[in-house]
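Each chain, written out:
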Amino acid sequence: MCGIIGYCGGNPAIPRLLNGLKKLEYRGYDSAGIAFFTESGIVTVKAEGRIANTEALLRGDYENAVSVCGIGHTRWATTGRPSDFNAHPHRSGAVTIVHNGIIENYKELKAECEAAGTVFRSQTDSEVIAALADGYYRENADPVAALQKVMERLKGSYAVTALFEDRTNTVYGFRRDSPLIAAETPDGNYFASDYIAVKHLTDTYFLPEEGVVAELTARGIRYFGPQGEQRAPAPVTVTESNRDDGKGDFPHYMLKEIFDIPEAIRNTCRDHVLEGLPSFDDGLLQRLSAAGRIYIVACGTALNAGKLGKGYIERLAGIPVSCETASEFRYFPPLYGKNDCFVFISQSGETADTAASMRMINAQGLYTVALVNTPNSTIAREAADVLYTRAGVETAVASTKAYNAQGALLFLLALALGMKTGRVSAADAARKTGELTDGVPAAVRKVLTESARIRELSHRFCTAPSCFFLGRGPDFFLAEESSLKLKEISYIHCEAYAAGELKHGTIALIEKDVPVIAVISGETIRAKTINNAAEVKARSAKVLIVTDRAVPEERETADAVFTVDCPAEELFHLCAAVFFQLFAYHTALLRGCDVDKPRNLAKSVTVE
Ligand code: F6R
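Thresholds, definitions, all that
Residues numbered from 1 in each chain as written. Predicted model: local features only at pLDDT ≥ 70, side-chain atom pairs only at ≥ 80, totals over all residues. Heavy atoms only, no water. Helix = DSSP H or I, 4+ residues; strand = E, 2+ residues; numbered from the N terminus. Rg over C-alpha atoms; globule rule 2.2 N^0.38 Å. Buried < 20%, exposed > 50% of the residue type's maximum accessible area, 1.4 Å probe, protein only. Contact = heavy atoms within 4.5 Å. Areas by Shrake-Rupley, 256 points an atom, 1.4 Å probe, with all protein chains shown as cover. Expected span 1.5 Å × (residues − 1). Core = buried A, V, L, I, M, F, W, Y, C linked by side-chain atoms within 4.5 Å. Pairing = 2+ DSSP bridges. Axes fitted to C-alpha atoms, helices over the stretch in contact; angles between N-to-C directions. Right-handed = clockwise from strand over helix to strand, strands pointing away. Domains from an automatic or database assignment. 1 Å grid on protein atoms, 1.4 Å probe; cavity = no way out; pocket = protein on both sides within 12 Å on 5 of 7 lines; lining within 4 Å. Points joined across faces, edges and corners; volume = space filled by probe spheres on them.

Draft legend 1. Local environment of the overall build of the chain. The helix and strand tally for the chain stands at 19 helices and 27 strands. In terms of C-alpha radius of gyration, the chain reaches 26 Å, essentially the compact-globule figure of 25 Å for 608 residues. Each principal axis of the C-alpha distribution contributes one length, and for the chain these read about 80 × 55 × 45 Å. Looking at the chain as a whole, 61% of its 608 residues qualify as buried. The long-range fraction of contacts in the chain, counting pairs at least 24 apart against all pairs at least 6 apart in sequence, stands at 71%. Looking at the chain as shown, the accessible area adds up to about 22,700 Å², and 49% of this sits on carbon and sulfur atoms.

Structural data, given as structure tokens:
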């Protein structure tokens, strides 16, 4: 969260900083700013709102500013509301910084600096970094030593770049539990909180170690350890990277990414299907199939995909699976054993809670597998084994194609584990693999052709301030994801309930015309969920049923029924998710929401 860029080189810095920030804007977009060296010192320009607001200020006052070095930031507010004052960069005395992360002990540090005479201008935790650095710099005029001392004082997570007033055209950077890369490119030298900002310039970068201060000038980058000793980090060479092809003819990234789903599933499966059968590294299968229990740990949509995976693995391979919310897992872990294995799912590969949970398990020497979409990301790098989804860059904040790709990969993994544990025959595995690789993309394409009808349904149903989703078993897991998708981009209050649970309290909220959307698939629980839908219909709710087979009882109960054809009952959820993604998209548009950048959210959640 929060995008950071730094530049020093022989070219104009301002357009490069702005360009970098635009590539990083997915990380947060409630304010933005840059600071750059000019002949008359460091200039800071920042504004609440999107980067365009900062650009407008630059056009007005700094049309002809010349600079070859600076730093920039696009913010996702943690401490202090979005405002011009709280926007980064922050300056204290000689030091100007931008920060990504959370300084947990900022209150006590701020009190200490205030006692020494510092006047703070923002409500942020970040400003204390500038204040501390300025204090230490005044003691010994050594930026590296000052920043080392700052690091000793900070608790929490951070990636920071800093300018010192009299260290012209030099940027310093350091990090802890938060990404910051340094790259030497033909265009100049860069810091960035994500490789994506420099991807067009180089396929090699450096990841400064924690505790190291990197010093970036036009001549190169130097790295200094805690005692001031020079370090030489190993370069990371990017052998593969997702390519952002823009949004093409689509009006929004989200819509484009929903239409990418057939391809995302095909590309994901391609790596793991050999001669029509699921194919994974045997060592990985060995370890997972021998596990007492597999824990799937993730956040948000990735967690919801993990829940589908739990169903697949338990049913097909007979291995017990628990799904855990990463932010809870890291502080309140269940009682796992040394024979248990851990799968961490993440689109970005940078989610702070998921990464911290994985580190906790790695530190205990237990087996970790990352299932990620972003090559070279933190979670991909640090797991014992990694499986990639091949959904391509996901730019819209609401995750869509990554969910379907994660579900597809988990299904293939479950099949492979089922073959390993002897519960799935080769013939069944081959049939099910075909249903996934050919059947699901075809079924998804069919849903995509019905976008206009889905828009009409969304306009008919999403007229109330609240909306409820019902389902049982895997239908409930999809209900949870569908509820999350709708609420995050349309701002309608949504809740998902295990259908039988509704009458234990929540049914009190059902009144005339409250939309209730029931997900129904398979035969074992069809009649039960239809009954639950009938219960809310009897209380005048407006009922929409999304089903794999519209039986007469569904038509009699619901105000509308949408049928998703799917190649097999167990693959219904991967296909029906597309209905709900489009449903959320059209609802958000109707309500005039910013579909790709919903309020208060950011794409990569690198703070806990
Ligand atoms: C919802 C959404 C989030 C993410 C969550 C985890 O649409 O995008 O809930 O799924 O923040 O992100 P990753 O998968 O990057 O770890």
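Draft legend 2. Just helix α13 (residues 401–420), in detail. The end-to-end C-alpha distance of α13 is 29 Å, a good match for the 28 Å that 20 residues give at a rise of 1.5 Å each. Counting buried residues in α13 gives 18 out of 20 residues, a clear majority hidden from the surface. Following α13 by one or two positions, Gly422 has its phi on the positive side, about 80°.

Draft legend 3. View of the nonpolar core. Counting 91 residues, the largest nonpolar core has Leu288, Ile294, Phe579 and Phe583 as its most contacted members. When residues of this core are assigned to their parent elements, the largest contribution, 13 residues, is made by helix α19 (residues 572–590). Aside from chain neighbours lying at most four places away, what touches Phe583 is Ile454, Leu457, Ser458, Phe461, Cys462, Leu486, Ile517 and Leu544. One finds Tyr106, Cys113, Phe120 and Val150 within the second-largest nonpolar core, a separate group that totals 30 residues.

Draft legend 4. Focus on the sheet that holds strand β18 (residues 294–298). The sheet built from 5 strands is open, its strands ordered β19-β18-β20-β21-β22 with parallel pairing. In this open sheet, the two strands that pair with only one neighbour each are β19 (321–325) and β22 (385–388). Ignoring which end each strand starts from, the neighbouring axes of this sheet average 20° apart. Bridging between strand β20 (residues 341–346) and strand β21 (residues 367–372) involves 6 bridges; their strand directions are parallel. Of the residues in β21, the one forming a bridge with Phe342 is Thr368. Against the sheet, helix α11 (residues 352–363) makes contact with β18, β20 and β21, and its axis sits at roughly 160° relative to β20, the strand it touches most.

Draft legend 5. Main features of the sheet that holds strand β2 (residues 31–38). Read from one edge of the open sheet, 6 strands run β3-β2-β4-β1-β10-β9, paired in antiparallel fashion. Either end of the sheet is taken by a strand with one partner, and the two such strands are β3 (41–48) and β9 (181–185). The sheet shows a mean angle of 10° between the axes of neighbouring strands, direction not considered. Across the sheet, helix α1 (residues 13–24) touches β1 (3–8), β2, β4 (69–75) and β10 (188–192), and the angle it forms with β1 is around 155°. Strands β2 and β3 of the sheet are contacted by helix α2 (residues 51–61), whose axis makes an angle of about 135° with β3.

Draft legend 6. Representation of the pairing of strand β25 (residues 515–520) in the model. Among the 6 residues that make up β25, 6 are buried, leaving the element largely enclosed by the rest of the structure. Here β25 shows two buried faces, one formed by Pro515, Ile517 and Val519 and the other by Val516, Ala518 and Ile520. As judged from the 3 bridges shared by strand β23 (residues 466–471) and β25, these two strands associate in the parallel manner. When the sheet's bridge partners are listed, Phe469 is paired in β25 with Ile517. Two strands pair when backbone bridges link them, and β25 and strand β26 (residues 542–547) are joined in this way by 6 bridges, in the parallel orientation. Each residue of the ladder has a partner; that of Val519, found in β26, is Val546. Crossover handedness for the path β25 to helix α17 (residues 526–537) to β26: right-handed.

Draft legend 7. How the structure looks around the domain arrangement of the chain. Segmenting the chain into domains produces domain 1 (3–237), domain 2 (243–449) and domain 3 (451–596). In this structure, domain 1 and domain 3 have C-alpha centres spaced 45 Å apart.

Draft legend 8. Representation of the layout of surface pockets in the model. Of the voids in this model, the largest pocket is the one considered here, and its volume is about 850 Å³. As for the largest pocket, its lining consists of 41 residues, and the residues nearest its centre are Lys23, Tyr26, Asp194, Ile196 and Val393. Within the residue set of the lining of the largest pocket, elements represented by two or more residues are α1 and α12 (378–382). For the lining of the largest pocket, the element with the most residues is α1, which contributes 3 residues. For the lining of the largest pocket, the two domains that each supply at least three residues are domain 1 (3–237) and domain 2 (243–449). What the second largest pocket holds in volume is close to 610 Å³. Lining the second largest pocket are 31 residues; nearest its centre among them are Cys299, Gly300, Thr301, Lys603 and Val605. In terms of residue count, the dominant contributor to the lining of the second largest pocket is helix α9 (residues 300–317) (4 residues).

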